[in-house]
Amino acid sequence: MKRLHLHVSVDNLAESIAFYSALFGAEPGVCKPDYAKWLLDDPRVNFAISARGAKPGLDHLGIQVESDAELEEINTRLAGAALPVTEQRGTACCYATSDKYWTVDPSGLPWEAFRSLTAIPVFGKAPRDLGQASPASCCAPKQGACP
């Protein structure tokens, strides 16, 4: 089953966790010094916030899937939208290793389709090389960066 994903950059993580916990009526399931995530069933959403120095506001949107077949289905849909798509396999981001596809919508909003594979103890490291830190590896590709 698919889940909508929203990631928001915030200035103050503690204040934002308090606000969103009250709004959702639940504490985050993942809480790190720079990141928090709620996996909600009502509404069915993966809502994440981070305080990592980015401009506050919407960071990116996405669709989280539970199987390789669902991920390939979303990739086929993205390809049908006739916009460039970037594939990331085994990338480490947001305290998880994931397979992903990224695109940027016509208005410039980054979208990811992803399947989380395992939890990891750090925000992100270089794809396929969990020994070398690379915070950019888990961020949306820059506009125009897609092949």
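Residues numbered from 1 in each chain as written. Predicted model: local features only at pLDDT ≥ 70, side-chain atom pairs only at ≥ 80, totals over all residues. Heavy atoms only, no water.

## What to know about the state of the cysteines
Stated formally: Any two cysteine sulfur atoms lying within 2.5 Å of each other are counted as a disulfide. The cut-offs for exposure are 20% and 50% of the maximum accessible area for each residue type, with area from a 1.4 Å probe on protein chains only; residues under the lower value are buried, those over the upper are exposed, and the others partly exposed.
Following the criterion strictly, the structure yields zero disulfides and no others. Distance from the sulfur of Cys94, which forms no disulfide, to the nearest cysteine sulfur (Cys93) is 3.0 Å. The class for Cys94 is buried, based on a relative accessible area of 12%.

## Quick word on the packing of aromatic side chains
Geometrically, a pair of aromatic rings is defined through the distance of the ring centres and the angle of the planes. The test is simple: Pairing of aromatic side chains here covers Phe, Tyr and the six-membered ring of Trp, requires ring centres within 6.5 Å, and sorts the geometry by plane angle: under 30 degrees stacked, over 60 edge-to-face, intermediate tilted. Only DSSP runs of H or I with at least four residues qualify as helices, and only runs of E with at least two residues qualify as strands; both kinds are numbered from the N terminus onward. The rule for a charge over a ring is simple: NZ of Lys or CZ of Arg within 6 Å of the ring centre, and within 35 degrees of the ring normal.
Tallying each qualifying case throughout the model produces eight aromatic pairs. Measuring from ring centre to ring centre gives 5.4 Å for Tyr35 and Tyr95, while their planes differ by 45 degrees; the resulting arrangement is tilted. Highlighted residues: Tyr35 in strand β3 (residues 35-41) and Tyr95 in the loop between β6 (86-93) and β7 (96-104), separated in sequence by 60 residues. A relative accessible area of 2% means that Tyr35 is categorised as buried. Geometrically, the ring pair formed by Trp38 and Phe47 is tilted, given 6.0 Å between the ring centres and 55 degrees between the ring planes. Here Trp38 and Phe47 have matching classes, each one buried. Among the aromatic residues, those joined into a ring-pair cluster are Phe19, Tyr20, Phe24, Trp38 and Phe47. Lying across the ring of Phe114, Lys100 places its NZ or CZ 5.8 Å from the centre.

## As for the nonpolar core
Here is the rule we go by: Here the nonpolar core consists of buried residues drawn from Ala, Val, Leu, Ile, Met, Phe, Trp, Tyr and Cys, with membership extended through side-chain atoms lying within 4.5 Å. In this description, contact between two residues means that some pair of their heavy atoms is separated by no more than 4.5 Å.
The biggest cluster of nonpolar side chains holds eleven residues, and these are Val8, Val10, Leu13, Ile17, Tyr20, Ala36, Trp38, Leu40, Val45, Phe47 and Ile49. Where this core is concerned, the elements lending two or more residues are α1 (13-24), β3 and β4 (44-50). What Ile17 contacts, discounting residues up to four positions off in sequence, is Pro28, Cys31, Ala36, Trp38 and Ile49.

## Some remarks on the confidence of the model for the protein
Let me state the cut-off plainly: Known as pLDDT, the predictor's per-residue confidence is scaled from 0 to 100.
Across the protein, pLDDT averages 82, with 84% of residues at or above 70. Confidence, expressed as mean pLDDT per element, reaches its minimum in the protein at strand β9 (residues 124-125) with 68 and its maximum at strand β2 (residues 30-32) with 96. Segment residues 126-138 is flagged for pLDDT under 50; beyond a separation of four residues in sequence, or across chains, it makes 27 contacts in the model. The model gives residues 141-147 a pLDDT under 50, and that stretch makes 13 contacts with residues more than four places away or in other chains.

## Examining α1
Rules: In this analysis, the expected span of each helix is defined as 1.5 Å times one less than the number of residues it contains. Along the arc lie the directions from the helix axis toward the C-beta atoms.
The terminal C-alpha atoms of α1 lie 16 Å apart, and with twelve residues this matches the ideal 16 Å at 1.5 Å per residue to within 8%. Of all the residues in α1, the buried ones are Leu13, Ser16, Ile17, Tyr20 and Ser21. Down the axis, α1 shows its buried residues gathered within 130 degrees of arc, on one side only. For α1, exposure combined with an orientation more than 90 degrees from the buried face picks out Ala14, Glu15, Ala22 and Leu23.

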